[in-house]
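Descriptive analysis of the structure
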Amino acid sequence: MAKQALKEITGKIEKAARIAGRKPSDITLIAVSKTRSSDDIRPLLEAGQRVFGENRVQEAADKWPALKADYPDSKLHMIGQLQSNKAAEAVALFDYIHSLDRPSLLKALAKEMDRQDRRIPCFVQVNIGEEPQKGGCEIAAVPALVEQARKAGLNIAGLMAIPPDDSNPAPYFTLLAKLARDQGLAGLSMGMSGDFESAVKLGATHVRVGTALFGPRPTPAG
Ligand SMILES: *Cc1c(COP(=O)(O)O)cnc(C)c1O
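Our subject in this report is the structure included herewith. (Residues numbered from 1 in each chain as written. Predicted model: local features only at pLDDT ≥ 70, side-chain atom pairs only at ≥ 80, totals over all residues. Heavy atoms only, no water.)

Considerations on the overall build of the protein chain
Inclusion rule: The secondary structure listing takes helices from DSSP runs of H or I that are at least 4 residues long and strands from runs of E that are at least 2 residues long, numbered from the N terminus. As a reference, a globule follows 2.2 Å times the number of residues to the power 0.38, and the radius of gyration itself is taken over C-alpha atoms. Residue burial is assigned from relative accessible area. The probe radius is 1.4 Å, only protein chains are included, and a residue is buried under 20% of its type maximum, exposed over 50%, and partly exposed in between. Contacts are assigned to residue pairs that have any heavy atoms within 4.5 Å of one another. Positive charges come from Lys and Arg alone, negative charges from Asp and Glu alone, with His and the N- and C-terminal ends not counted. To locate a charge, the coordinates of NZ of Lys, CZ of Arg, CG of Asp or CD of Glu are taken.
Looking only at helices and strands, the protein chain features nine helices and eight strands. In terms of C-alpha radius of gyration, the protein chain reaches 17 Å, essentially the compact-globule figure of 17 Å for 222 residues. Every one of the 222 residues in the protein chain was classed for burial, and the buried ones make up 50%. Counting contacts in the protein chain only where the partners sit at least 6 residues apart, residues at least 24 apart contribute 61% of the total. Once the 30 positive and 26 negative side-chain charges of the protein chain are each reduced to a mean point, those two points are 3 Å apart.

Here is the structure:
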């Protein structure tokens, strides 16, 4: 089932890319496997999917060392809010971090990357809808945070955002793309199950898709 969904979603990404005059190979599909068991994940690995997203350090630490042992070329993206005291574990476990959103976390990540001599690219998460309950740095704070991250030696891949739930995401995707352009950043992590085609048309380089691949999540996963 997930295998068939993977084919369909890949096809939709390719179509959206072509409509926008983009190369499908410039878009990375992140299969969001939070709350899914290793048995749910393995069919996608067998089908050739290699890029996955998790939102909790502990859950990823429970599942992924064994999966990565079997599929050493798989890549794991941290897409959830990250506590500074989990920086060491996150740097050891993940290949990308999408949730860099504040100076304290930036410092903790830079320190750990130095200590472990492991430089993993980071996306700066932006609170694009200016929603108090959501993670991400304020729009106005993006330039300063990006500059601080670059000074600390971090590899900033781009910007990430989750638009507000109940509105058309397109204007938020457009705004995130502009913010990234202003900072000279090529990466745009935006688009989920309900809106990844729109995100691709508006410049997404990384789409994060969970339910459209795996079906409804059994439990809310924040
Ligand atoms: C869960 C999650 C997704 C995937 O959401 P779906 O609607 O299941 O595709 C994408 N991004 C983040 C940050 C998430 O937490």
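Some thoughts on the site of the ligand
For clarity, the threshold we go by: Throughout this document, a residue counts as near a molecule or strand when at least one of its heavy atoms sits within 4 Å of that molecule or strand. In protein, a polar contact means a hydrogen-donor-capable atom and an acceptor-capable atom, both N or O and within 3.5 Å, with residues adjacent in sequence counting only if both atoms are side-chain atoms; elsewhere, any N or O pair within 3.5 Å suffices. Here the Shrake-Rupley method, with its probe set to 1.4 Å, supplies the accessible areas, and only the displayed protein chains count as covering residues.
Around the ligand, the surrounding shell consists of Val 32, Lys 34, Ile 79, Met 160, Ile 162, Met 192, Ser 193, Arg 208, Val 209, Gly 210, Thr 211 and Arg 217. A distance of 2.7 Å separates an oxygen atom of the ligand from a polar side-chain atom of Lys 34. In the complex, 91% of the free accessible area of the ligand, which totals 390 Å², lies under the protein chains.

Let's talk about the side chain of Gln 49
With respect to the helices, strands and loops of the structure, Gln 49 is situated in the loop between α2 (38–46) and β2 (51–54). Relative accessible area serves as the criterion here: at 9%, Gln 49 is assigned to the buried category. Excluding anything up to four places from it in sequence, Gln 49 contacts Leu 6, Leu 29, Ala 31 and Leu 44.

Side note on the packing of helix α5 (residues 103–116) against helix α6 (residues 142–151)
Definition in use: Here an axis means a line fitted to C-alpha atoms, over the contact stretch when the element is a helix, while the angle between two N-to-C directions is reported on a 0 to 180 degree scale. With respect to orientation, any angle under 35 degrees is reported as roughly parallel, any angle over 145 as roughly antiparallel, any angle of 65 to 115 as roughly perpendicular, and every other angle as oblique. Crossing handedness is defined as follows: a turn of the near helix away from the far one that is anticlockwise and smaller than a right angle gives a left-handed crossing, while the clockwise case is right-handed.
Packing of α5 against α6 brings their axes to within 10 Å, and their N-to-C directions diverge by 15 degrees. It follows that α5 is roughly parallel to α6 by the angle criterion. The interaxial crossing formed by α5 with α6 has right-handed handedness. Contacts between α5 and α6 involve Pro 103, Leu 106 and Lys 107 on the former and, on the latter, Leu 145, Gln 148 and Ala 149.

Focus on the packing of aromatic side chains
Keep this limit in mind: Within 6.5 Å between ring centres, the rings of Phe, Tyr and Trp (the latter by its six-membered ring) count as paired, and their orientation is classed by plane angle as stacked under 30 degrees, edge-to-face over 60, tilted in between.
Taken as a whole and assessed by the stated rule, the structure comprises one aromatic pair. When the ring of Phe 52 is compared with that of Trp 64, the centres are 5.0 Å apart and the planes differ by 45 degrees; the resulting orientation is tilted. With Phe 52 in strand β2 and Trp 64 in helix α3 (residues 57–70), this residue pair connects regions lying 12 residues apart in the sequence. Note on Phe 52: relative accessible area 0%, which makes it buried.

Some details on the environment of Ala 161
Among the structural elements, Ala 161 can be located in strand β6 (residues 156–161). Taking the C-alpha atoms as reference points, Ala 161 and Lys 151, 10 residues apart in sequence, are found 23 Å from one another. Residues contacting Ala 161, with those up to four places away along its chain left out, are Val 126, Ile 128, Leu 176, Ser 189, Met 190 and Arg 208.

Describing unusual backbone geometry
The phi torsion at Asp 117 lies on the positive side, around 50 degrees, for a residue other than glycine. With respect to the element layout, Asp 117 can be found in the loop between α5 and β5 (122–126). At Glu 130, a residue that is not glycine, the phi angle is positive and equals roughly 50 degrees. Within the secondary structure, Glu 130 sits in the loop between β5 and α6.

Quick look at the packing of α2 against α3
For clarity, the threshold we go by: Note on residue categories: nonpolar means Ala, Val, Leu, Ile, Met, Phe, Trp, Tyr, Cys or Pro, charged means Asp, Glu, Lys or Arg, and polar means any other residue, Gly included.
In contact at an axis separation of 11 Å, α2 and α3 are set at 30 degrees when each is read in the N-to-C sense. Considering their axes alone, α2 and α3 lie roughly parallel with respect to each other. Judged by the sense of rotation from one axis to the other, the crossing of α2 with α3 is right-handed. Between α2 and α3, the residues in contact are Ser 38, Ile 41, Arg 42 and Leu 45 and Lys 63, Trp 64, Ala 66, Leu 67 and Asp 70, respectively. Among the residues making up the contact of α2 with α3, the classes are represented as five nonpolar, one polar and three charged.

Some details on the nonpolar core
Cut-off, in case you're wondering: The nonpolar core is taken to be a set of buried Ala, Val, Leu, Ile, Met, Phe, Trp, Tyr and Cys residues, with the residues joined through side-chain atoms within 4.5 Å.
In terms of nonpolar packing, the biggest core is built from 66 residues, with Leu 100, Leu 109, Leu 159, Val 207 and Leu 213 touching the most fellow members. If one sorts the elements of this core by residue count, helix α1 (residues 2–19) sits on top with seven residues. Setting aside anything within four residues of it in sequence, one finds Leu 109 in contact with Leu 82, Ala 87, Val 91, Ile 97, Leu 100 and Cys 122.

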